[in-house]
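# Reading the structure
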Amino acid sequence: MRLPFGNPFSAALRLCFPSASTVLLGFRYITTRWIAWLSVLGFAVGILVLIVVTSVMNGFVKEIRTSIRSSLSDLIVRYQPHEKGAPPPDLAAVREALSEIPEIDPEAISPRITWFALIAGVGINLRRLAPNGAFEWTRVTGAEADSFLRRDEALFCQVIGIDFDTDRRATNVGTALRGFEQRPTRHVTDYPVPDIEDPFCVKRPADGALLPDQLLRRGEDGERNAMPGVLGAWLAAKIQSTARQADINEFFHRGCEISLLTSSPERLSSGAQGATLTQSYRSVVMTGTFRTGTYDLDKDIIFLDRRDMARNLLEIRKDPDGYFTELVLKAETLDDEHSRELARLVRQTLERKVPGYSFPVSRWQDERRNQLEAIDYEKKMMAFILMFIILVAGINMFTTLWMLVTEKTRDVGILSALGVSRLGILQLFLTMGVFITLIGEVLGFIGGMLIVENIAAIETFLWEYFGFKMFDPTVYIFDHLPAEAEASTVTVILVTTFLASIVFSAAPAIRAAAKHPVQALRYE
Amino acid sequence: MSSSPILACVDLHKSYTMGRVPVPVLNGIDLEVREGEVLGLVGASGAGKSTLLHLLGLLDVPSRGAVYLRGEDVSSKGGQRRSALRNRELGFVFQFYHLISELSALGNTLLPAMVAPRPWTWLLQRGRERARARALLTRLGLSARLSHLPAQLSGGERQRIAIARALLGNPSVVLCDEPTGNLDSRTGQEIMDLLFEINREQGTTFVIVSHDDRLVRRCHRVARLADGSLEAVYNPQQPPAS
């Protein structure tokens, strides 16, 4: 039996290399018909949407991973004493034990205290130039220690005591202080700390103190000391908004105070009748704000100096400088399997070297495993669902080519008379499908990449000119819309679409090639 | 004009199937086309002229019999080979011009030259082929119409482009299916003059299907078909008594 296209292997090879007439006619047929441009548009929109959506999803996944990892550090070591009420393990001994593990950076072993409090009120101090030429401080009326509490509007917050010098090596706290530079946003007001090397410094090099002198004195006159603290930018925004509701119309700014209502671990454990909570007010003065980019963190966290927090907020009497609730560590190993082994090694080493305690070690991946897996799954599902856009574009192209075969039946006869084989006719309509797809892919790719690269500007434009809220940071965990095109994902989209287009052009092409030349020449 | 046959058919049969009934169109045609001659094919409608032309032009395959091109049986060749022969050895001129509406006069003329080469090969020979096509169109009086689309041209001009397209590859035989059938009398006369002029100057062989007596009378030989059979082959200056 003689095959219509001759040897299938040489036919397949010839099919990949169209003749000059095929390329010319394919291009002319496409570019002179608006319906073909509609098919191009279908592919362009499909590719654009796929690139934008997968890039946003990809951005989300990466941002979440980076954010979780950097804010949690690589490893988090907690402790549980074997005896109830035992003091925390000796920090120096823990450090020494950890320093023996080569994968752990000894400079990035940082103790932390994590505690909880309610923001009970706000103290807004205004510095004004007095007639005598000196600065004087005045307290805004109504801005008292319990001004929020009295209106049932106290805010929950997480207070974290850090050793800034080591913590900045183990976590992203140093980067977060520069969050205003890296993640410009219109949603919140940033108050950069005066000294990036010492975020708890209340002196501003340029114009002196942030606070009245009496608030800066420590341990004198029995006055409560105001602890310098760095607030999440979204927390500062919440305080400002709550202050407005409490009829305090001055801005909550750098140098203002918040009063924290809290208790202490010692008070909890030494209660006469079991665990009783004795509340106390403490003042924190805001030296500035930070932004990790993760809304959940930026709306809840206050960073204090660990030693200051142990002494003045938690009132730890016995060795306050050595008090900690957890250690954050930076590891050299990043991949999943090795970090799991390292976590096991850390735990075993600590339990051997520091007896009397067990040391649960968690990795950053473990802390938010469900969240990470859910987002990764959503990304794949979204890409799968969006591939149906390509299906629609493919059907659109199929219809266009099918109509073109009917319209160009006589041309099939003419081309046959000029010496174009059936394979050449097949090739012509496949080439048209390829042209439609390639032009659509190029346009979609350019459009998609432009949107991905300028997504923040587009979001701001839509918000400012049309009031359309494309991205609500209070709904998502970020304060900006992340988007990052991944070369492998974009390649998969383009290649899959290209292959799909071959499938969709095959039927019209076969129909055209099956036409008898003489009947095609007589077609009216 | 040489007397050796360039194109010939032997015992050529063609039948189509209507439903389940075979309908014979050609019944054993034996015909020779000599190199350099103009052979007219005449006959009543339905006599099988166009079918014979399509079989000679390798656009269709015979039910029985064979077509010989320069002595080689070409009707039994595969589709690819027959397409290549059509491209290299044969030219076609149709009654309704059959130009590609998206291409200019020059583009239509160049089309046969673009069928074989790949795009990158075409880039190398494009300049030479364009020059040839321009020269051909200029000779046919279309130098001012090179970039015009078929829709912007008259019937006579379109047929000249079709002739230029058929001649570009210097084919062995040009097969014309009623080339003046869709033209007014004066334009038809011009096209006739042009075909015979090309035959005289270049020695191109023509097989022309026509109902036009003026054209048939100028042919070197005429083959008359009746009911699918070859009734007579004669010199038009001395027609046999019908």
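Scroll up to find the structure this text is about.
Remember, predicted model here, so these are calculated numbers, not experimental data.

Our focus in this paragraph is the sheet that holds strand β8 (residues 205-209) of chain B. Residue and element names in this part refer to chain B. If you walk across this open sheet you meet the six strands as β6-β7-β8-β3-β9-β10, and the pairing is mixed. Lying at the two open borders of the sheet, with one neighbouring strand each, are β6 (90-93) and β10 (229-234). When the angles between neighbouring strand axes are averaged without regard to direction, this sheet yields 20°. The sheet contact formed by strand β3 (residues 38-43) and strand β9 (residues 221-226) spans five bridges and is parallel. Bridging across to β9, Gly40 finds its partner in Val222. Across the sheet, helix α2 (residues 79-89) is in contact with β6 and β7 (173-177); its angle to β6 comes to roughly 75°. Where helix α6 (residues 185-202) meets the sheet, it contacts β3 and β8, and its direction lies at approximately 155° from that of β8.

The subject of this paragraph is the nonpolar core. By size, the foremost hydrophobic cluster in this structure holds 82 residues, and its most contacted members are A:Phe429, B:Leu7, B:Leu41 and B:Leu52. Of all the elements, helix α17 (residues 422-453) of chain A adds the most residues to this core, at 10 residues. In contact with A:Phe429, other than residues within four places in its own chain, are A:Leu401, A:Leu404, A:Val405, A:Lys408, A:Val412, A:Ser505, A:Ala509 and A:Ala512.

Counting from both sides, the interface comprises 32 residues of chain B and, opposite them, 32 residues of chain A. In this assembly, chain B packs against chain A so that about 2700 Å² is buried in total across both faces, 62% of it on carbon and sulfur atoms. On the chain B side of the contact with chain A, B:Gln80, B:His98 and B:Glu102 bury the most area, a combined 24% of that side's loss. Our count for the contact surface shared by chain B and chain A stands at two salt bridges. A salt bridge links B:Glu102 to A:Arg33; its shortest N-O distance comes to 2.5 Å. Among the elements of the structure, α1 (49-56), α2, α3 (105-115) and α4 (119-139) of chain B are those that each provide at least two residues to the side of chain B that touches chain A.

For the rest of this paragraph, the subject is the environment of B:Gly169. Residues and elements named next belong to chain B. Along the chain, the position of Gly169 falls in the loop between α5 (155-167) and β7. Overall, the relative accessible area of 47% leaves Gly169 in the partly exposed class. Separated by 36 residues in sequence, Gly169 and Ala133 place their C-alpha atoms 9.8 Å apart. The residues contacting Gly169, other than those within four sequence positions of it, are Arg88 and Arg132.

The subject of this paragraph is the pairing of β10(B). Residues and elements named next belong to chain B. Alignment of β9 against β10, held across five bridges, turns out to be antiparallel. Bridge pairing in β10 places Leu225 opposite Leu230. With antiparallel pairing between neighbouring strands as the criterion, β9 and β10 make up a hairpin whose turn holds two residues, including Asp227 at a positive phi of roughly 50°.

This paragraph deals with the pattern of salt bridges. All names here are of chain A. Taken as a whole and judged by the stated rule, the model has 33 salt bridges over all chains. Across the pair Arg307 and Asp163 runs a salt bridge whose closest N-O atoms are separated by 3.7 Å. Of this pair, Arg307 sits in helix α12 (residues 306-313) while Asp163 sits in the loop between β6 (155-162) and α5 (164-170), placing them 144 residues apart in sequence. Given a relative accessible area of 36%, Arg307 falls into the partly exposed group. Taking the shortest distance from any N to any O, the salt bridge between Arg347 and Glu351 comes out at 3.3 Å. Here Arg347 and its partner Glu351 are both found in helix α13 (residues 336-353), four residues apart, which amounts to about one turn of the helix.

Positive phi is not limited to glycine here, since A:Glu315 has a value of about 55°. One non-glycine residue, B:Glu178, lies in the positive phi region at around 50°.

Let's shift gears to empty space enclosed by the protein. All names here are of chain B. Under the defined criterion, the tally for this structure stands at two cavities of 30 Å³ or more. Its boundaries defined by the atoms lining it, the largest cavity holds a volume of some 90 Å³. Sorting elements by how many residues they give to the lining of the largest cavity places β6 first, with three residues. Of the residues in the lining of the largest cavity, the class split is seven nonpolar, four polar and two charged.

Residue and element names in this part refer to chain B. Taking strand neighbours across the sheet as the criterion, the four strands line up as β2-β1-β4-β5 in an open arrangement whose pairing is antiparallel. Edge positions in the sheet fall to β2 (21-34) and β5 (72-73), since each of these pairs with one other strand and no more. The strands touched by α1 are β1 (5-18), β2 and β4 (64-69); relative to β1, the strand with the most contacts, the crossing angle is about 120°.

Bringing the packing of helix α1 (residues 8-16) of chain A against α17(A) into the picture now. Any two packed helices are characterised by the angle at which their axes cross and by the distance between the axes. Residue and element names in this part refer to chain A. Two elements in contact, α1 and α17, have axes separated by 10 Å at closest approach and are oriented at 40°. Here α1 is positioned oblique relative to α17, judged by the angle of their axes. Here α1 and α17 pass one another in a crossing that is right-handed. Counting all contacts with α1, which are made through Ala11, Arg14, Leu15 and Cys16, the residues of α17 involved are Leu423, Leu426, Gln427 and Leu430. Residues that form the contact of α1 with α17 fall into these classes: six nonpolar, one polar and one charged.

Criteria and cut-off values
Residues numbered from 1 in each chain as written. Chains lettered and ligands numbered in written order. Predicted model: local features only at pLDDT ≥ 70, side-chain atom pairs only at ≥ 80, totals over all residues. Heavy atoms only, no water. Pairing = 2+ DSSP bridges. Helix = DSSP H or I, 4+ residues; strand = E, 2+ residues; numbered from the N terminus. Axes fitted to C-alpha atoms, helices over the stretch in contact; angles between N-to-C directions. Contact = heavy atoms within 4.5 Å. Core = buried A, V, L, I, M, F, W, Y, C linked by side-chain atoms within 4.5 Å. Buried < 20%, exposed > 50% of the residue type's maximum accessible area, 1.4 Å probe, protein only. Buried area = accessible area lost by both parts, 1.4 Å probe. Salt bridge = Lys/Arg side-chain N within 4 Å of Asp/Glu carboxyl O. 1 Å grid on protein atoms, 1.4 Å probe; cavity = no way out; pocket = protein on both sides within 12 Å on 5 of 7 lines; lining within 4 Å. Points joined across faces, edges and corners; volume = space filled by probe spheres on them. Nonpolar A, V, L, I, M, F, W, Y, C, P; charged D, E, K, R; others polar. Parallel < 35°, antiparallel > 145°, perpendicular 65-115°, else oblique. Left-handed = near helix turned anticlockwise from the far one by under 90°.

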